[in-house]
Amino acid sequence: MLLSEVVRDLKYTLVKGDLAVEAASVAYDSREVTPGGVFVAIAGFTVDGHRFIGKAIELGAAAIIVEKDVSVEADVAVLKVADTREALARVASNFYGRPTERMNVIGITGTNGKTSITYFLKSIYEQAGTELGIIGTIGTVIGDRVIKNKNTTPESLNLQRLFVEMAEARLKHCVMEVSSHALNLKRVAHTRFNTAIFTNLTPDHLELHRTMDEYFEAKALLFDMAEHYNIVNADDEYGRVLIDRLRDREPKLVTYGIEREADIYASDIHYFADYTIYTVNTPKGTALIRVNLPGAIYVYNSLAAIAAAYCNRFSLQQITEGIAAVEGIKGRLEVVYQDEDTKIIVDFAHTEDSLEKALSAIRPFTKGRIILVFGVYAADGKPGRDKRRGMAKIAAQYADFAVVTSDNPKEQDNNLIIREIVEGIEAYNGKYEAIVDRREAIAFAIELSKKGDVILIAGKGHETSQVIGKTEVPFNEAEIVREIKGSRGNLSAG
Ligand SMILES: CC(=O)N[C@H]1[C@@H](OP(=O)(O)OP(=O)(O)OC[C@H]2O[C@@H](n3ccc(=O)[nH]c3=O)[C@H](O)[C@@H]2O)O[C@H](CO)[C@@H](O)[C@@H]1O[C@H](C)C(=O)N[C@@H](C)C(=O)N[C@H](CCC(=O)O)C(=O)O
Ligand SMILES: Nc1ncnc2c1ncn2[C@@H]1O[C@H](COP(=O)(O)OP(=O)(O)OP(=O)(O)O)[C@@H](O)[C@H]1O
């Protein structure tokens, strides 16, 4: 493709060189530049990509896109733009032939529930005989293939490439999780969304966004991008702020909820230990829904998926069958062990709100105690301390006993993290034991449990490794539970 085509609709100043050259590839990492490629220099959080222009030229770059003044002697084209992250998204979309112009893309943002919604939607599409690709925390799913993503929402260049892979696999529909980081860092700029969904907003990622309002404004960006529908949770405080902003505006606003008036809402909800039954009310009629996951959170998540499917013209029968066909979601209140005495559940809850919701979903069906095994990963500083304190408070108030352990301590001081959590639990008179090694902590909880108790292992969900320092060590909680339990009992999942 000619460089002039690659930079179509990009606002730039041509500092040197000309655009009538072939552009063989695009890279935002100098180490990935190939001969004849375009290198986009990004000033990152750790290093400044402009420092690696020399390296990119050594590897054969034909063009460089920068946002700073640079001096380049080599015979390459240099284009200066206002924001290279935005430029990367434009160039990536052009280079891959603007794939989302021929695709139906549904974007989901919000603190919790995004992954679950992608799986409910995939199932509805499948029941109706249509394939839906997924991009999110669990990876990119294209048919039977799961590709690991470095980020929940990949960098624009990787993202546009994934859309092309979906198109090559003849997928015309994609649902993706859109993180607030991605919106701020322009990873989804120049992606065309048909529908946008807002789940909820509770404290998380405050090390990057600083305040809840900043965090909200980052999420809100998605709702200026969707072309046909904006779907918003009417029961969420920030959802209602968004609704006020989006009402009487294009695209069409569709609300969902349980408590407040909404276009699509649940009534007659009956909660059971492993599933929930409710009536969904839509402008086109009602239907009985069975969700094979417990708790109000999965009523909300399934409602969001139903709203998106409704907007995309699926029938109530297809919707009902699709939701019922989801037997469970990896690491989401997943029962990894059950016998007549104990139930052991693994869940991805890693924020204050999600931990509270996960514990609340389990409580009504627990005859004995809830023993919670958890740690908190959060960087140092006030947002990190607040998160540890907040989750400790929930543990003290909603669990009967907490085994405090490590999550993904990364390069943080694990003992300090655990000490801060323990202080938080003590402040609310909670019962606890602190065991740094997560496997030992799980073993301790199992040893401690008595007939009727439920063990909730929270924080890592579907993840199969633990990051300690810079090392990623294998850590599969379902397998670990099975090993500890040996051949006793009856494994129900994993
Ligand atoms: C804090 C953050 O968001 N960092 C993201 C950012 O990295 P960065 O700015 O630190 O990059 P950097 O290392 O400073 O490098 C700057 C530039 O120089 C380039 N470089 C670097 C070295 C070199 O030799 N040559 C070279 O060209 C790099 O490729 C890069 O383009 O840009 C990278 C490329 O897009 C991202 O992969 C990276 O995500 C990191 C891995 C991350 O952990 N991000 C998290 C916070 C995140 O984005 N999370 C959200 C939400 C998750 C959730 O749902 O909870 C997500 O969407 O994943
Ligand atoms: N609607 C909800 N409201 C609050 N908490 C929820 C909701 N849905 C799920 N959760 C809790 O949050 C955890 C993460 O859920 P899920 O993976 O669906 O969210 P997510 O938005 O994809 O999160 P992340 O971006 O961190 O991957 C679940 O394991 C559960 O404990």
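Residues numbered from 1 in each chain as written. Chains lettered and ligands numbered in written order. Predicted model: local features only at pLDDT ≥ 70, side-chain atom pairs only at ≥ 80, totals over all residues.

- With an unreviewed UniProt entry as reference, the protein is termed UDP-N-acetylmuramyl-tripeptide synthetase, source organism Paenibacillus arenilitoris.
- Looking at the protein in UniProt, the text filed under Function (unreviewed entry) is "Catalyzes the addition of an amino acid to the nucleotide precursor UDP-N-acetylmuramoyl-L-alanyl-D-glutamate (UMAG) in the biosynthesis of bacterial cell-wall peptidoglycan."
- In UniProt, the protein has this text filed under Cofactor (unreviewed entry): "Mg(2+)". (UniProt positions renumbered as here; feature names shortened; annotations may be inferred.)

### Some remarks on the site of ligand 2
Next up, step 1: In the vicinity of ligand 2 there are 22 residues, among which Gly113, Lys114, Thr115, Ala349 and Ser354 approach most closely.
Next up, step 2: Among the elements of the structure, helix H4 (114–127), helix H10 (296–311) and helix H12 (352–362) are those that each provide at least two residues to the shell around ligand 2.
Next up, step 3: Here the shell around ligand 2 spans two domains, since at least three of its residues come from each of domain 2 (99–324) and domain 3 (334–487). (Near = placed C-beta within 6 Å. Helix = DSSP H or I, 4+ residues; strand = E, 2+ residues; numbered from the N terminus. Domains from an automatic or database assignment.)

### Some words on the site of ligand 1
Next up, step 1: Every one of the 20 residues lining ligand 1 counts as a neighbour, but Asp29, Gly44, Gly49, Asn151 and Ser179 are closest to it.
Next up, step 2: Of the residues assigned to the shell around ligand 1, the class counts are 6 nonpolar, 10 polar and 4 charged.
Next up, step 3: Each of two domains, domain 1 (3–95) and domain 2 (99–324), supplies a minimum of three residues to the shell around ligand 1. (Nonpolar A, V, L, I, M, F, W, Y, C, P; charged D, E, K, R; others polar.)

### Observations concerning the domain arrangement of the protein
Next up, step 1: Taken domain by domain, the protein consists of domain 1 (3–95), domain 2 (99–324) and domain 3 (334–487).
Next up, step 2: Placing a centre on the C-alpha atoms of domain 2 and another on those of domain 3 gives a separation of 27 Å.
Next up, step 3: Taken together, the contact between domain 2 and domain 3 spans 13 residues of the former and 15 residues of the latter.
Next up, step 4: Residue composition of the side of domain 2 that touches domain 3, by class: 7 nonpolar, 4 polar and 2 charged. (Contact = placed C-beta atoms within 7 Å.)

### Overview of the sheet that holds strand S22 (residues 454–458)
Next up, step 1: Spatial strand order, S17-S18-S22-S19-S20-S21: 6 strands in an open sheet with mixed pairing. The open sheet has two edge strands, strand S17 (334–338) and strand S21 (432–434), and neither has a second partner. Pairwise comparison of adjacent strand axes, ignoring direction, gives a mean angle of 20° for this sheet.
Next up, step 2: On the sheet, H12 packs against strand S18 (343–347), strand S19 (370–374) and S22 and is oriented at approximately 160° with respect to S22. (Pairing = 2+ DSSP bridges. Axes fitted to C-alpha atoms, helices over the stretch in contact; angles between N-to-C directions.)

### Overview of helix H16 (residues 477–485)
Next up, step 1: For H16, the full list of buried residues reads Glu477, Ala478 and Val481. An end-on view of H16 places all buried positions within 105° of arc, on one side of the element.
Next up, step 2: Buried-residue contacts for H16 involve S17, S18, helix H15 (438–448) and S22. (Buried ≥ 20, exposed ≤ 12 C-beta atoms within 10 Å, placed from the backbone. Arc of directions from axis to C-beta.)

### A short note on the UniProt feature "binding site: UDP-N-acetyl-alpha-D-muramoyl-L-alanyl-D-glutamate" (unreviewed entry) in the protein
Next up, step 1: Cross-referencing UniProt, the feature "binding site: UDP-N-acetyl-alpha-D-muramoyl-L-alanyl-D-glutamate" (unreviewed entry) maps to Ser30, Asn151, Thr152, Thr153, Ser179 and Arg187 in the present numbering. On the basis of their most widely separated C-alpha atoms, the annotated residues across 158 residues do not gather in one place, lying as much as 25.4 Å apart.
Next up, step 2: Along the chain, Asn151 turns up in the loop between strand S9 (145–147) and helix H5 (156–168).
Next up, step 3: Structurally, Ser179 can be placed in the loop between strand S10 (173–177) and helix H6 (180–184).
Next up, step 4: Here Ser179 falls in the buried class, since 23 other C-beta atoms lie within 10 Å of it.
Next up, step 5: Residues within four places of Ser179 in sequence aside, it is in contact with Thr152 and Thr153.

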